[in-house]
Amino acid sequence: MAPGRRPVNGLYAKFVRRVDLSTQILIALALGVFAGLFAGELCAPLAIIGEAFVGLLRMTILPYILVTLVVSLGRLRLRNSRRLARIGGTVLLGLWASCLAVVWVLPSVFPAWSSGSFFSTAMIKDPEPLDVLSYFIPANIFESLTNNQVPAVVLFGICCGLALSRSRNRGIVLDQLHVVADVLLSVSKFVTRLAPIGIFAIAASTAGTVSLADVGRLQAYLVAYTAGAAFLGFIVLPLLVTTLTPLSYRQVLFVVKEPMLTAFATGKLIIVLPMLIENTERLFQSQVRIDGNDESPAIDLLYGTAYPFPHVGKLLSMLFIPFAAWFLGAPIKPSDYPTFLASGLFSFFGGPIVAIPFLLDQMQLPHDMFQLFLVSGVYGERLGDAVGAMHLCVLTLISIFGFNRLLRFNLLAILKYIAMVCIFGGILLVGVRLVLYRVISMADNKYDVIERMQLLEKPVQSVVIKQPLPNPEPRREGESLLQRIRRRGVIRVGYNEDNLPFAYFNNRRALVGYDIEMAHSLARDLGVTLELVRFDRATLVDQLNADHFDLVMSGLVGTLERAQAMAHTESYMDVHLALVTRDYRSSHFRTRKRILALDDLQIGFADLSRGFVNRIEAALPDATLVEIADNRDYFNDKHPDLDALLISAESGSAFTLMYPRFEVVIPNELNASLPLFYAVGNRDAQMRDFVEYWVGLRQKDGTAQEYYNHWVLGKTNGENEPRWSILRDYLHWIP
């Protein structure tokens with residue numbers, strides 16, 4: 001057996017020797033994507049191998065950055081350190097400016113669009129407090145190393161390096177630290193040889209588990225982000241190097257080819273720093289010679305110092321904010337871009353996880369869009385890190401040539417560069433515009449989504465009675481509601497179709513919604529059929545007293561008036577008070593202060609307790625609250641004098657799906673919950689107790705949560721189905 005294995009091993013070794021690492025990584029990436037598409041979720045366990053590979057790569061990075069910063073700065077004279085800071089800072093500002101320009105221009109190609117969204121719990125959550133100070137200030141360097149707080153580690157390294165540069169005995173320490181840096185780099189190089197295996201595992205697990213539905217929702221952003229990343233990463237940045245330095249485009253790619261592929265595959269820019277440093281050193285050792293008059297800064301110093309600053313790949317994710325505004329039907333005004341870009345630049349020092357929620361809040365966009373941004377990170381963060389590798393390379397190369405006074409400022413070359421950027425930029429904008437029009441034309445209309453929603457479970461036999469009449473079989477003497485229901489084999493439930501998403505008619509004119517689903521479930525458990533009887537809010541009490549229905553299950557809001565007039569269950573769900581207004585006016589209702597600044601403010605409401613109304617009147621003394629018959633009247637412009645509508649966020653969100661010109665707003669100071677209950681006919685205590693117990697059972701067995709996810713949050717059963725794969729859905733080899 002041993003002789004038989006030698007040719008295979010020899011062939012593999014020959015392949016490894018002849019094929020460079022970047023090609024191996026590219027092959028592994030392609031094979032991983034194919035494996036994920038072929039096997040789907042069966043590739044999920046490979047994520048463990050990918051995580052192990054990333055962990056091995058990361059274990060030496062921060063110590064290496066810290067040590068090389070101290071060594072490199074310790075060897076420089078203070079005068080050269082200041083000069084390097086000026087040159088590097090100027091180059092960095094130029095790179096930032098080019099990226100911000102792309103973020104400003106790209107949204108102009110987004111087609112016209114308006115949309116609402118389902119309710120999300122993120123709408124009512126306060127953002128978690130962020131300890132930004134500890135992210136930048138190394139109060140405890142070991143804690144900063146443990147928590148991967150790169151800016152704090154870099155600041156500590158810079159301080160130590162500058163202090164060491166003024167020490168007379170620095171040579172003793174520098175020699176020892178240089179040995180440590182070589183050891184850490186050797187370990188990193190060894191782990192890098194495992195990149196094809198690790199990247200195959202990461203690509204396979206990601207391609208096999210990523211939700212295609214989520215990718216569909218993000219098509220416009222992903223198209224624009226990809227175009228912007230390609231434009232910056234392959235046109236603007238490398239051509240800037242070839243214009244200002246003697247380097248060729250091929251030499252720039254020599255440095256960044258492997259690091260860009262690895263950064264894209266792993267989604268971790270920090271782990272490719274040793275690759276960038278090694279490739280840059282090889283470039284200057286074998287292909288380019290610099291004869292500067294001053295001591296040239298160490299390459300690892302430049303990379304280590306530049307890494308903590310936001311790179312263009314990271315800044316490009318600011319494009320998500322204009323996308324979110326466009327997606328919600330309220331594009332950012334051109335006059336707001338300077339403030340948005342300036343605040344975005346500084347917020348990205350804390351990373352996208354800090355910056356995106358901050359910018360969403362600043363631009364008055366719903367916080368639940370951040371969840372969509374996190375989904376995009378599966379692809380966007382990886383592509384951004386690939387562009388980040390190019391950013392670090394360009395910053396380092398130009399800074400080295402600038403430090404040695406070897407930059408070329410040729411007017412003809414600069415004009416040629418500007419012309420090429422403009423030409424490719426124009427082609428990019430036209431291409432993105434055409435693709436986005438295609439994407440929008442193929443996208444599902446969310447109006448159709450809520451209109452097409454059906455009951456999750458098979459409905460029981462039912463009849464919808466739009467002209468309400470009393471129960472045709474009155475209760476017998478001493479007979480309870482539950483006894484009559486079992487005798488007749490029918491339960492009568494009151495509904496009002498103005499209570500989206502709890503009760504409404506879909507495009508097939510079928511009565512659906514959360515509470516309608518619950519009514520069918522109750523009838524199924526009782527073994528009876530269902531009669532759905534319409535009620536008006538104004539006549540609800542009279543209809544209950546006239547025995548029109550046994551229960552009312554239709555998103556009924558608990559009020560003191562109703563508590564006195566009818567029997568009802570305990571609250572089965574708490575909804576959240578909100579305002580709905582036209583999307584172009586939504587920013588006026590974000591805070592109480594802004595609302596108070598509005599003149600002649602009129603707010604409508606259709607189904608609220610007098611106590612809640614009094615509370616709003618106390619909070620907004622200059623506002624006039626107007627009661628209207630139905631919520632839908634406001635959306636159909638039957639009350640043009642109303643500026644906003646008081647409604648639950650859950651119901652308002654559902655309405656905005658049908659009427660995308662409106663938007664749900666929850667002012668910061670408006671923190672109130674509304675209880676929903678089921679009303680019981682004839683004040684029947686036995687029926688009330690039975691329904692309360694039944695609701696409790698359905699909450700404990702997950703049925704109520706499943707209905708909530710479907711009707712209120714807009715999550716479909718398809719999200720729990722296995723991911724599409726060739727193995728399952730095309731070859732049918734597995735169920």
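These numbers were taken from a predicted model, which means no experiment stands behind them. (Residues numbered from 1 in each chain as written. Predicted model: local features only at pLDDT ≥ 70, side-chain atom pairs only at ≥ 80, totals over all residues. Heavy atoms only, no water.)

S.K.: Explain the pairing of strand 9 (residues 602–605) to me, and be specific about the residues and the numbers.
M.R.: Strand direction decides the pairing type here: strand 9 and strand 10 (residues 624–627), joined by four bridges, are parallel. Within strand 10, the residue paired with Gly604 across the bridge is Val626. Since strand 9 and strand 10 lie parallel, the crossover through helix 28 (residues 610–619) that links them has a hand, and here it is right-handed. In this sheet, strand 11 (residues 644–648) lies alongside strand 9 in parallel orientation, the contact comprising three bridges. Residue Gly604 lies in a different strand from strand 11, and its bridge partner there is Leu645. (Pairing = 2+ DSSP bridges. Helix = DSSP H or I, 4+ residues; strand = E, 2+ residues; numbered from the N terminus. Right-handed = clockwise from strand over helix to strand, strands pointing away.)

S.K.: Now, about the pattern of salt bridges: what can you tell me, with residues and values included?
M.R.: Enumeration over the complete set of coordinates arrives at 21 salt bridges. Between Glu473 and Arg487 there is a salt bridge whose closest N-O contact spans 3.0 Å. Taken as a pair, Glu473 in the loop between strand 1 (462–465) and helix 23 (481–488) and Arg487 in helix 23 lie far apart in primary sequence, 14 residues in all. Relative accessible area serves as the criterion here: at 36%, Glu473 is assigned to the partly exposed category. The salt bridge involving Arg534 is made with Asp536; its shortest N-O contact spans 2.6 Å. Accessibility expressed as a relative area gives 35% for Asp536, which makes it partly exposed. The network of salt bridges with common partners includes Asp498, Arg537, Arg562, Asp607 and Asp630. (Salt bridge = Lys/Arg side-chain N within 4 Å of Asp/Glu carboxyl O. Buried < 20%, exposed > 50% of the residue type's maximum accessible area, 1.4 Å probe, protein only.)

S.K.: Go over the nonpolar core with me, naming the residues and quoting the values.
M.R.: Within soluble globular proteins, side chains that are nonpolar generally end up buried alongside one another. Ranked by size, the top nonpolar core spans 127 residues in total, and within it Tyr221, Leu276, Met318, Phe320, Ile321, Phe323 and Phe340 carry the most contacts. In terms of residue count, helix 12 (residues 219–244) provides more of this core than any other element does, 16 residues in total. Not counting residues up to four positions away in its chain, the partners in contact with Tyr221 are Ser317, Leu319, Phe320, Phe323, Phe373 and Ser376. (Core = buried A, V, L, I, M, F, W, Y, C linked by side-chain atoms within 4.5 Å. Contact = heavy atoms within 4.5 Å.)

S.K.: Kindly report on the side chain of Thr559, identifying the contributing residues and their values.
M.R.: Locating Thr559 in the fold gives a position in the loop between strand 6 (551–557) and helix 26 (560–565). In contact with Thr559, not counting residues within four places along its chain, are Leu608, Ser609 and Phe677.

S.K.: I'd like to hear about the packing of aromatic side chains, residue by residue, with values.
M.R.: Tallied over the entire structure, the rule returns 21 aromatic pairs. Ring centres of Tyr634 and Phe635 lie 5.6 Å apart, and the angle between their planes is 75°; this geometry places the pair in the edge-to-face category. Judged by its relative accessible area of 0%, Phe635 is buried. Three or more aromatic residues joined by ring pairs make a cluster, and in this case those are Phe110, Tyr221, Tyr225, Phe320, Phe323 and Trp326. Lying over the aromatic face of Phe505, Lys466 brings its terminal NZ or CZ to 4.8 Å of the ring centre. (Phe/Tyr/Trp six-rings, centres within 6.5 Å; stacked < 30°, edge-to-face > 60°. Lys NZ or Arg CZ within 6 Å of the ring centre and 35° of its normal.)

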